[in-house]
Amino acid sequence: MPKLHESVLINRPPDEVWAYVTDMFNAPRMSGSGLIGLRQTSPGPLSVGSTLQGRRLILGFETRNIFHVT
């Protein structure tokens, strides 16, 4: 089976990248899949066990999703 590998070089310190990725305000810019918004619904910093609620447009209909960080 063919395999596809992709990588992106981000010329920033790891802490700065992690801060950007875990800021839910940036989620729609990173997803590229109709994501309208994403917010963390569990207390504390984003980590394993955290929960998130998202809003997404699929075929013109808004859906809501709940995510669990694993």
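Shown above is the structure to which this text applies.
Residues numbered from 1 in each chain as written. Predicted model: local features only at pLDDT ≥ 70, side-chain atom pairs only at ≥ 80, totals over all residues. Heavy atoms only, no water.

**Topic: the sheet that holds strand β1 (residues 35-40)**
Put simply, the rule is: Any two strands between which DSSP finds at least two bridges are classified as paired. The helix and strand labels rest on DSSP assignments: H or I over at least four residues marks a helix, E over at least two residues marks a strand, and numbering proceeds from the N terminus. Interaxial angle, 0 to 180 degrees, is taken between N-to-C directions of lines fitted to C-alpha atoms, where a helix line uses only the stretch in contact.
Judged by pairing direction, the sheet is antiparallel, and its three strands sit side by side in the order β1-β2-β3 without closing on themselves. For this open sheet the edge positions go to β1 and β3 (61-68), each flanked by a neighbour on one side alone. Between one strand axis and the next, the sheet turns by 15° as a mean value, whatever way the strands run. The pairing of strand β2 (residues 51-58) with β3 spans eight bridges and is classified as antiparallel. Within β3, the residue paired with arginine 55 across the bridge is arginine 64.

**Some words on the side chain of serine 42**
Defined as follows: Only heavy atoms enter the contact rule, under which two residues are in contact if any of them lie within 4.5 Å.
Note on placement: serine 42 falls in the loop between β1 and β2. With sequence-adjacent residues up to four places away left out, serine 42 is seen in contact with Ser50 and Thr51.

**What to know about the pattern of salt bridges**
What counts is decided by this rule: For this document, the term salt bridge refers to a Lys or Arg side-chain nitrogen within 4 Å of an Asp or Glu carboxyl oxygen. Residue exposure (1.4 Å probe, protein chains only): buried if accessible area is under 20% of the type maximum, exposed if over 50%, otherwise partly exposed.
The full count for this structure, using the stated rule, is three salt bridges. Arginine 55 is the salt-bridge partner of glutamate 62, the closest N and O atoms lying 2.8 Å from each other. In this structure glutamate 62 comes out as partly exposed when scored by relative accessible area, which is 40%. One salt bridge connects arginine 64 with glutamate 62, and the closest N-O pair in it is separated by 3.6 Å. With a relative accessible area of 56%, arginine 64 lands in the exposed category. Through salt bridges with shared partners, a single ionic network connects Arg55, Glu62 and Arg64.

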